[in-house]
Amino acid sequence: MADTKIKVLVVDDEKIIRDFFARLLSLQGLEVVEAEDGYKASELAKAGKFDLYFIDVRMPGLDGLETFRKVRQVHPEALVVMMTGYALDNILEQAQKEGASGSIRKPFAIGEIKGIVEKASRERNKGASNILVIDDDQAVLNFFGNFLKAKDQKYSLINNAQGALELIQREKFDLVFLDLVLKKDDGLELYKKIKEAMPQAELVIITGYHDKAREIEGRPDISGFLYKPFEIEGIIKYIEKIKNDRS
């Protein structure tokens, strides 16, 4: 199952500030990474993507504006909030002109920080679908897992019918990719049970058996077919359809 925890990078040369954010955000279930200066923040941004950045405006070495610019070079869509203890701050003003998402002033208001986190959560989930992939071929599951993770989608990978049925009792999915021929299970029967449990879910059949697929072609509750070996463009088409339907 994909990790859906919001990931935050806090950049401040004061340890007391970093500790404050780490405690507060961890209690909200967020993953918090700390950087004591802009150079470290730049390295971390290059190594991985964060959902939200809190960057102090005034830091020795690389100031907040330059740090913001380096983050944006790597992640142009980054949600960045600048932090300052100064009533008037020309660095803060310039960062906002260049696209910083907002600012907070020290001493911080906890409610304000929580509001920013909620906004980041909405932005993160706005384009993401919850996707279930059912296939008994581990190579296929690995392929989907790597691809969906790179696309920031929430997903689960299951290799058997029983596991799939148990999962859909606990969680709803927007899109299901189902292998029609499973080694130990009847994919056609599983398809019927999935549609009974989640009639609104888009269901795409993935298969290498064209003859068997023809038996169910044209059914209105099947969104489409992906024939093995399938192309990435085919997967993207169905993800984009879900996104457009939700917008």
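Provided above is the structure to which this section pertains.
How each quantity is defined
- Residues numbered from 1 in each chain as written.
- Predicted model: local features only at pLDDT ≥ 70, side-chain atom pairs only at ≥ 80, totals over all residues.
- Heavy atoms only, no water.
- Helix = DSSP H or I, 4+ residues; strand = E, 2+ residues; numbered from the N terminus.
- Rg over C-alpha atoms; globule rule 2.2 N^0.38 Å.
- Buried < 20%, exposed > 50% of the residue type's maximum accessible area, 1.4 Å probe, protein only.
- Pairing = 2+ DSSP bridges.
- Axes fitted to C-alpha atoms, helices over the stretch in contact; angles between N-to-C directions.
- Contact = heavy atoms within 4.5 Å.

Draft legend 1. Main features of the overall build of the chain. A tally of helices and strands in the chain yields ten helices and ten strands. In terms of overall size, the chain is more extended than a compact globule, its C-alpha atoms giving a radius of gyration of 22 Å where 247 residues would be expected to give roughly 18 Å. Taken along its principal axes, the extent of the C-alpha atoms in the chain is 70 × 30 × 30 Å. Looking at the chain as a whole, 46% of its 247 residues qualify as buried.

Draft legend 2. Inspection of the environment of Glu 202 at higher detail. Looking at the element boundaries, Glu 202 is found in strand S9 (residues 202-207). For Glu 202, a relative accessible area of 17% gives the class buried. Along the primary structure Glu 202 and Tyr 86 are separated by 116 residues, whereas in three dimensions their C-alpha atoms are 52 Å apart.

Draft legend 3. Structural detail: the sheet that holds strand S4 (residues 80-84). If you walk across this open sheet you meet the five strands as S2-S1-S3-S4-S5, and the pairing is parallel. Looking along the sheet, the strands with just one partner apiece sit at the ends: strand S2 (31-35) and strand S5 (102-105). Pairs of neighbouring strands in the sheet enclose a mean axial angle of 20 degrees, with direction left out of account. As paired strands, strand S1 (residues 7-11) and S2 are joined by five bridges and run parallel to one another. Counted as the bridge partner of Leu 9 is Val 33 from S2. Here helix H1 (residues 15-27) sits on the sheet and contacts S1, S2, strand S3 (52-56), S4 and S5; the angle it forms with S2, its principal contact strand, is near 170 degrees.

Draft legend 4. Main features of the sheet that holds S9. Spatially, S7-S6-S8-S9-S10 is the arrangement adopted by the five strands of the open sheet, whose pairing is parallel. In the strand order of this sheet, the two ends are held by strand S7 (154-158) and strand S10 (224-227), each with one partner. On average, each strand axis in the sheet is tilted by 20 degrees relative to the strand beside it, whichever way the strands run. Sheet topology note: the strand S6 (residues 130-134)/S7 ladder contains five bridges and is parallel. Paired with Ile 131 across the two strands is Tyr 155, which belongs to S7.

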